[in-house]
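Understanding the architecture of this molecule
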Amino acid sequence: METRRNFIIKSAILCAVLSWPLSAATARAAAREFKTRSPQRALVVCYSQSGFTDRYGRLIGCTLRDRGLAVDLADMRHFDKKRMADYDLIWIGSPVFYYDIPQNVSDWLAGIPAIPGVPVAAFVSFGGPEGNQHNALCHVLHLLAEKGGVPAGMEAFRSIPSYPTPAWDSENQRSGEHLPDQATYNAVRRFATKTLDRIQQGTPISYASEIELRELARMLPLVWLNKKAISAHTVDKAKCILCGACVKKCPVDAIHPEKQRVDRDRCLACFGCLNNCPAGAVVISYRGQPLYGFPEYLRRRKIAILEPPEFGHCAL
Ligand SMILES: Cc1cc2nc3c(=O)[nH]c(=O)nc-3n(C[C@H](O)[C@H](O)[C@H](O)COP(=O)(O)O)c2cc1C
Ligand code: SF4
Ligand code: SF4
């Protein structure tokens, strides 16, 4: 049966076919120079809902440490932006949500202080082939460049999707396919090393966002449509253990488990509360169907996620 999401995507594609132009590119050159070719202190800041972006960010940090840099890994929601001035290399990691970086990530990047000449790199994790990951990366670099950062690298790494509707498996997200494996982690290590090499050689990258069919899907009010499809969004008092995980993960402070309440106006329909509740206490009804979150998805499919061996000794 065709899902609402597929229907929306197909409608967007149809609009694109009927409209003009089909593809174009806007180049954003990074002509400026790095303020240093030998960075000493690197910051890796991630927003991550179900852990994939964090995992890739941490591996980047471990790889940089092996190259002799001092590295800090930070969660975007708890990092004091004023500290950005302490670093001479900055990496930003985000998942792709709704064909772009999430609103809370773009808001956060828009609010960072000036970082003139600082080498910057962007990485995203994504769950579907239609994910528009390239333009999401360009979006991150664009926001960093507006603050004076000089782009040194960009890369997307696939993962299994953390999108729970209407059912976990669909044609694009089959159980356990595209789990990060050794090849994924090698690509992450290569990305870190190559980006550092590029900085040492003094060669920034240019980036060009693409106007393509899937870009049109981004223009649809997907968050709004999803919120319309959510008929109930509460907390089950009987199951809730008041652990606070949903509160910590909610990017907009919209969930209040002690009152079993969600501020539906603030909510970004990111499913972070559902995907992080260890007790299955977050109740979301999507077009009449109850949803379950990422921990339950892993449990039901008996999926175990491989961790890079570095994590055994790299204390980031
Ligand atoms: C609300 C939501 C929207 C998503 N939208 C997309 C998307 O448009 N394209 C895509 O490739 N993946 C999408 N995904 C999947 C995530 O990008 C993917 O699972 C990512 O690796 C999650 O990273 P994290 O574990 O760091 O949160 C979405 C996931 C969620 C929860
Ligand atoms: S309430 Fe849940 S779905 Fe809404 S923004 Fe917060 S974490 Fe995301
Ligand atoms: S994550 Fe789940 S168990 Fe923990 S406070 Fe939120 S609703 Fe309650």
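Analysis parameters
- Residues numbered from 1 in each chain as written.
- Chains lettered and ligands numbered in written order.
- Predicted model: local features only at pLDDT ≥ 70, side-chain atom pairs only at ≥ 80, totals over all residues.
- Pairing = 2+ DSSP bridges.
- Helix = DSSP H or I, 4+ residues; strand = E, 2+ residues; numbered from the N terminus.
- Axes fitted to C-alpha atoms, helices over the stretch in contact; angles between N-to-C directions.
- Parallel < 35°, antiparallel > 145°, perpendicular 65-115°, else oblique.
- Left-handed = near helix turned anticlockwise from the far one by under 90°.
- Contact = placed C-beta atoms within 7 Å.
- Nonpolar A, V, L, I, M, F, W, Y, C, P; charged D, E, K, R; others polar.
- Near = placed C-beta within 6 Å.
- Buried ≥ 20, exposed ≤ 12 C-beta atoms within 10 Å, placed from the backbone.
- Arc of directions from axis to C-beta.
- Core = buried A, V, L, I, M, F, W, Y, C linked by C-beta atoms within 7 Å.
- Domains from an automatic or database assignment.

1. What about the sheet that holds strand β12 (residues 289-290)?
One open sheet accounts for three strands, arranged β8-β11-β12; its pairing is antiparallel. Two strands close off the open sheet at either side, each with one partner strand: β8 (230-235) and β12.

2. Overview of the packing of helix α2 (residues 52-66) against helix α5 (residues 182-201)
Two elements in contact, α2 and α5, have axes whose closest approach is 9 Å; the angle formed by their N-to-C orientations is 50°. The orientation of α2 with respect to α5, classified from their angle, is oblique. For α2 against α5, the interelement crossing comes out right-handed. On α5, the residues that touch Tyr56, Leu59, Ile60, Thr63 and Leu64 of α2 are Tyr185, Val188, Arg189, Ala192, Thr193 and Leu196. For the contact of α2 with α5, the class distribution of residues is eight nonpolar, two polar and one charged.

3. Description of the site of ligand 3
Close to ligand 3 lie 13 residues, the nearest being Cys240, Cys243, Cys246, Pro257 and Cys277. Taken together, the residues that form the shell around ligand 3 break down as twelve nonpolar, one polar and no charged.

4. Remarks on the sheet that holds strand β5 (residues 119-126)
What the five strands build is an open sheet, ordered β3-β2-β4-β5-β6; its pairing is parallel. Both edges of this open sheet fall to β3 (70-75) and β6 (150-158), since each of them pairs with a single strand only. Averaged over all adjacent pairs, the angle separating strand axes in this sheet is 15°, with direction ignored. Taken together, the six bridges between strand β2 (residues 41-46) and β3 define a ladder with parallel strand orientation. Of the residues in β3, the one forming a bridge with Ala42 is Val71. Along the sheet, α5 contacts β4 (89-95), β5 and β6; its crossing angle with β6, the most-contacted strand, is approximately 175°.

5. Re helix α3 (residues 103-110)
Regarding α3, the residues found buried are Val105, Trp108 and Leu109. Along the axis of α3, the buried residues cluster in a sector spanning 95°; they form a single face. Away from its buried face by more than 90 degrees, α3 exposes Asp107 and Ala110. Against the buried residues of α3 lie β4 and α4 (133-146).

6. Notes on the packing of α3 against α4
For any two helices packed against each other, the geometry comes down to the angle between their axes and how far apart the axes lie. Packing of α3 against α4 brings their axes to within 9 Å, and their N-to-C directions diverge by 20°. As far as their axial angle goes, α4 and α3 are roughly parallel. When the axes of α3 and α4 are compared, the crossing they make is right-handed. Along its contact with α3, which presents Ser106, Leu109 and Ala110, the element α4 presents His139, Val140, Leu143 and Leu144. When grouped by side-chain class, the residues that make up the contact of α3 with α4 number five nonpolar, two polar and no charged.

7. Examining the pairing of β4
With seven of seven residues buried, β4 is to be regarded as a mostly interior element. Sheet topology places β2 next to β4; five bridges connect them, and they run parallel. The residue bridging Val44 from the neighbouring strand is Trp91, located in β4. Summarising the sheet, β4 and β5 pair through six bridges and their orientation is parallel.

8. Section: the nonpolar core
Nonpolar side chains in soluble globular proteins generally cluster together in the buried interior. In this structure, Val44, Ile90, Trp91, Val140 and Leu141 are the most contacted members of the largest nonpolar core, which totals 74 residues. Sort the elements by how many residues they give to this core and α4 lands first, with eight residues. Taken domain by domain, this core gets at least three of its residues from each of domain 1 (19-217 + 306-312) and domain 2 (222-301). Leave out the neighbours within four places in its chain, and Val44 touches Gly57, Ile60, Gly61, Val71, Leu73, Trp91 and Gly93.

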